[in-house]
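# Architecture at a glance
So you can see what is in the structure, the chains are spelled out below.
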Amino acid sequence: MTGKDRVLALLLEADGEAISGQEMAEKLQISRSAVWKSVKALQKEGYRIQGVTNKGYVLLSESEKLSEAAIRKYLGKKYEDCRLCIYGEVASTNRTLRELADEGAKEGTVVLAKCQTEGRGRRGRGFYSPADTGLYMSILLRPQMEISDLMMVTAASAAATAEAVEVITGTETAIKWVNDVYAKGKKVSGILTEASFSMENGSIDFLIVGIGVNVLEPEGGFPESIQGKAGAVCQRDQCPEGIRNVLAAEIIKRVLLYYRTLPERTFYPSYKEKMLWMGEKIFVHTADKKKTATAVGIDDRCSLRVRYEDGTEEILRTGEISVSHPDR
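Residues numbered from 1 in each chain as written. Predicted model: local features only at pLDDT ≥ 70, side-chain atom pairs only at ≥ 80, totals over all residues. Heavy atoms only, no water.

### A closer look at the side chain of Thr133
Let me state the cut-off plainly: Where helices and strands are cited, they refer to DSSP runs of H or I of at least four residues and of E of at least two residues respectively, numbered from the N terminus. Per-residue accessibility, obtained with a 1.4 Å probe over protein chains only, is compared with the maximum for each type, and a residue is labelled buried under 20%, exposed over 50%, and partly exposed between these values. Contacts were defined at the residue level, with two residues in contact if any of their heavy atoms lie within 4.5 Å.
Relative to the elements of secondary structure, Thr133 occurs in the loop between β4 (110–116) and β5 (134–141). Look at Thr133 and you get buried, because its relative accessible area is 8%. Residues contacting Thr133, with those up to four places away along its chain left out, are Asn214, Val215, Leu216, Pro218 and Arg236.

### Digging into the layout of surface pockets
The line we're drawing: The method works on a 1 Å grid over the protein atoms by themselves. A cavity is a set of points holding a 1.4 Å probe that cannot get out, a pocket is an open set with protein on both sides within 12 Å along at least five of seven lines, and residues with an atom within 4 Å of a point line them. Grid points are joined across faces, edges and corners, and a volume is the space filled by probe spheres set on the points. Nonpolar residues are Ala, Val, Leu, Ile, Met, Phe, Trp, Tyr, Cys and Pro. Charged residues are Asp, Glu, Lys and Arg, and all others, Gly as well, are polar.
Estimated volume of the second largest pocket: approximately 440 Å³. As for the second largest pocket, its lining consists of 21 residues, of which Leu150, Met151, Thr154, Arg317 and Thr318 are closest to the centre. Where the lining of the second largest pocket is concerned, the elements lending two or more residues are α6 (150–169) and β8 (186–197). Residues that form the lining of the second largest pocket fall into these classes: ten nonpolar, seven polar and four charged.

### So, helix α4 (residues 68–75)
Where we set the bar: Distance and chemistry together define a polar contact, namely a pair of N or O atoms within 3.5 Å, with one atom able to donate a hydrogen and the other to accept it when in protein, and with adjacent residues in sequence counting only for side-chain atoms on both sides.
Residues of α4 that are buried include every one of Glu68, Ala69, Ala70, Ile71 and Leu75, and no others. Put simply, Ser67 is the residue that caps the front of α4, since its side-chain oxygen is 3.2 Å from the backbone nitrogen of Ala69.

### Focus on empty space enclosed by the protein
Within the structure shown, the criterion is met by one cavity of 30 Å³ or more. Considering only enclosed or pocket space, the largest cavity measures out at about 130 Å³ in volume. Forming the boundary of the largest cavity are 15 residues, of which Gln116, Arg120, Gly210, Ile211 and Gly212 lie nearest the centre. Those elements giving two or more residues to the lining of the largest cavity turn out to be α5 (93–102), β5, β8 and β9 (204–214). Among the residues forming the lining of the largest cavity, the class breakdown is six nonpolar, eight polar and one charged.

### Thoughts on unusual backbone geometry
Across the junction of Trp177 and Val178, the peptide omega takes the value 10°, indicating a cis bond. You can see Val178 is positioned in the loop between β6 (174–176) and β7 (180–183). Phi is positive for Gln29, close to 60°, though the residue is something other than glycine. Looking at the element boundaries, Gln29 is found in the loop between α2 (21–28) and α3 (32–44). The exposure class of Gln29 is exposed, given its relative accessible area of 73%.

Right under this line is the structure:
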């Protein structure tokens, strides 16, 4: 972390209590002048830091800006080895993290951005990623697993994201197979898992789990093309303070927990419970058509079992489903 971030970390740890410039200087092994400059820089960024006579500095409230110090506050010591890389604007967090992975970045590296100019979803779709209203992040994993287990990583990440949204905002969530998170009937989060394979032996080199969450509805609403299906996890006047930092930490913790316990399928009960449209009529989309079916259930590897109108059944390991409308 930069000196400014380290000062912010101490102010966050103080939890609303004043901490003197001298104490911060001693803890960080920097000059009091450097502390003062860091405080001024943080204030310019929007942090409400007040000087208290004979006591020092106090952080009055958390900014909505993404901050490594704030995220680490909520991550806790168990996940302190995670490398956090925060950017103002990127084409996509998955693309940026792939570059870091190719350079040897370790498992648990996380890229976060305030906005994406080319955010991507499944099946080549875009993911609308305006500044300061969403959470856009990617997590690097270097698993030792069979290729057939990749779907479970995606499903586990969906369960982790849905649970994190519920815990932080109180908003009830559901999951559309395979990995879209819904709230109040609209999509609030999408997950794109991408793999890199070794050409020598066909094994998995690394996985990138990209997660986008619509935290707030953008000013003026979502673009017309997605207005009917995109939603946000909370209203502007009802969001917890510093929600994007809190939510980022909660998602990281839950994704890594489920990933590390993947053989035990600890995520599965939650994933199954939150599954949308079980027992309902759905559309199964293939490359050139859609077929009407009933969603029967999911198996222990998170594949979807469907029954077509002629009575035949199929296990879907990949693909796309919808109800009522092919784009839903």
